[in-house]
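Report on the structure
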Amino acid sequence: MSRWGMVADLRRCVGCQTCSSACRHANATPPGVMWRRVVDMEAGDYPDVRRAFVPVGCNHCDDPPCTKACPSTATKKRADGIVTQDYDVCIGCGYCILACPYQARGKIAEPVAAYAEHGRIASEEARFDPRTIGVAQKCTFCVDRIDEGLAQGLTPGVDPEASPACVNACLARALTFGDLDDPVSTVSVLLARTPSFRMHEDLGTGPNIHYLWDHGT
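Throughout, a residue's number is its position along its own chain's written sequence, starting from 1. Per-residue local features of the predicted model are confined to residues with pLDDT of at least 70, and side-chain atom pairs are confined, for both listing and counting, to 80 or more; whole-chain, interface and lining totals are unaffected and use all residues. Side-chain measures were taken over the full set of non-hydrogen atoms in the model, leaving aside hydrogen atoms and water.

**Focus: the pattern of salt bridges**
Each salt bridge in this description consists of a side-chain nitrogen of Lys or Arg and a carboxyl oxygen of Asp or Glu lying within 4 Å of one another. Overall, the coordinates contain 11 salt bridges when judged by the stated rule. Where salt bridges share partners, they join Arg3, Asp62 and Asp181 into one cluster.

Following this line, the structure appears as structure tokens:
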């Protein structure tokens, strides 16, 4: 069984936010909801100041606290490591939002339009999903693309049609997706040869987004 994960190379990320835009386009998320964000961080003191752009989102943890907090079983972890969210089962209590240490979940109480005074434009109307109102939502690693790709014999992380939209869109090729349990996958090779860290790893959640960073900070 595969265990899907992502590698973000902070040495390459330029903070262009193209991954965020691609995620919004692929998942039709409303204004104010960001499944893939890029955090702009600075460290050090003048004149020795360093800057890094950090893509963040759901880490699809090995031991996700959101699944334990969910009273309705709407949040589940698949055998391949992807943490899913069932809008039809979610009761909107928000416990998973509070439990997530990565601030990767959110919800909206009512439909929101990009240009509120004019209402939803045609593209927003066509892609509006009423099931997402009042319930928790999050990154799913574009699980529909992964499942459809696998059904066609494609390889996630190799074939764009079977890979997350954010990875496909990354202009700097800072994002890589693949099977962490496959020693010859691109993600495994990158992690084997480059120093890396995981966000809030000390909490014991087992996050599956790894960050490459070899600048000694």
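Having put the structure on the table, let's press on.
**Some details on the side chain of threonine 205**
Topologically, threonine 205 is positioned in the loop between β7 (196–198) and β8 (209–212). Using a 1.4 Å probe on the protein chains alone, a residue whose accessible area is under 20% of its type maximum counts as buried, one over 50% counts as exposed, and one in between counts as partly exposed. For threonine 205, a relative accessible area of 5% gives the class buried. Polar contacts, as used here, are pairs of N or O atoms within 3.5 Å; protein pairs need one atom able to donate a hydrogen and one able to accept it. Residues neighboring in sequence count only if both atoms are side-chain atoms. A distance of 2.8 Å separates a polar atom in the side chain of threonine 205 from a polar atom in the side chain of tyrosine 102. Residue contacts are defined here by distance: any two heavy atoms, one from each residue, within 4.5 Å place the two residues in contact. Among all residues touching threonine 205, those that are not within four sequence positions of it are Cys61, Asp62, Asp63, Pro64, Pro65, Pro101, Tyr102 and His200. For the purposes of this entry, the term helix denotes a DSSP run of H or I that reaches at least four residues, the term strand denotes a run of E that reaches at least two, and both are numbered from the N terminus.

**Re the pairing of strand β2 (residues 37–45)**
Taken together, the 9 bridges between β2 and strand β3 (residues 48–56) define a ladder with antiparallel strand orientation. From the neighbouring strand, valine 39 faces β3, where its bridge partner is valine 54. Criterion used throughout: strands pair if DSSP finds at least two bridges between them. Two successive antiparallel strands, β2 and β3, enclose a turn made up of 2 residues.

**Concerning unusual backbone geometry**
In the segment running from tyrosine 46 into proline 47, the intervening peptide bond is cis, with an omega of 5°. Among the structural elements, proline 47 can be located in the loop between β2 and β3. Of note, histidine 60 is a non-glycine position whose phi angle comes to about 45°, a positive value. Along the chain, histidine 60 turns up in the loop between β3 and α2 (65–69). Given a relative accessible area of 0%, histidine 60 falls into the buried group.

**What to know about the sheet that holds β8**
Strand order across the open sheet formed by 4 strands is β6-β1-β8-β7, with mixed pairing between neighbours. If you trace the sheet from one side to the other, it starts and ends with β6 (175–179) and β7, each paired once. Within this sheet the neighbouring strands show an average axis-to-axis angle of 30°, counted without direction. Alignment of strand β1 (residues 4–9) against β6, held across 5 bridges, turns out to be antiparallel. Residue pairing in the sheet places valine 7 in a bridge with threonine 176 of β6. All axes here are fitted lines through C-alpha atoms, helices being fitted over the stretch that makes contact, and every angle between N-to-C directions spans 0 to 180 degrees. Each of β1, β6, β7 and β8 touches helix α7 (residues 186–193); the most contacted strand, β6, lies at about 110° to it.

**Some thoughts on the packing of aromatic side chains**
Centres within 6.5 Å make a pair out of two Phe, Tyr or Trp rings, where for Trp the six-membered ring is used; the pair is then stacked when the planes are under 30 degrees apart, edge-to-face when over 60, and tilted otherwise. Taken as a whole and assessed by the stated rule, the structure comprises 3 aromatic pairs. Between tryptophan 4 and phenylalanine 177, the aromatic rings sit 5.7 Å apart at their centres with planes inclined by 15°, giving stacked as the arrangement. Placement of tryptophan 4 in strand β1 and of phenylalanine 177 in strand β6 is noted, with a sequence separation of 173 residues between them. What makes phenylalanine 177 buried here is its relative accessible area of 2%. Taking 5.3 Å as the distance between ring centres and 20° as the angle between the ring planes, the aromatic pair formed by phenylalanine 197 and tyrosine 211 counts as stacked. Of this pair, phenylalanine 197 sits in strand β7 while tyrosine 211 is found in strand β8, placing the two residues 14 residues apart along the sequence.

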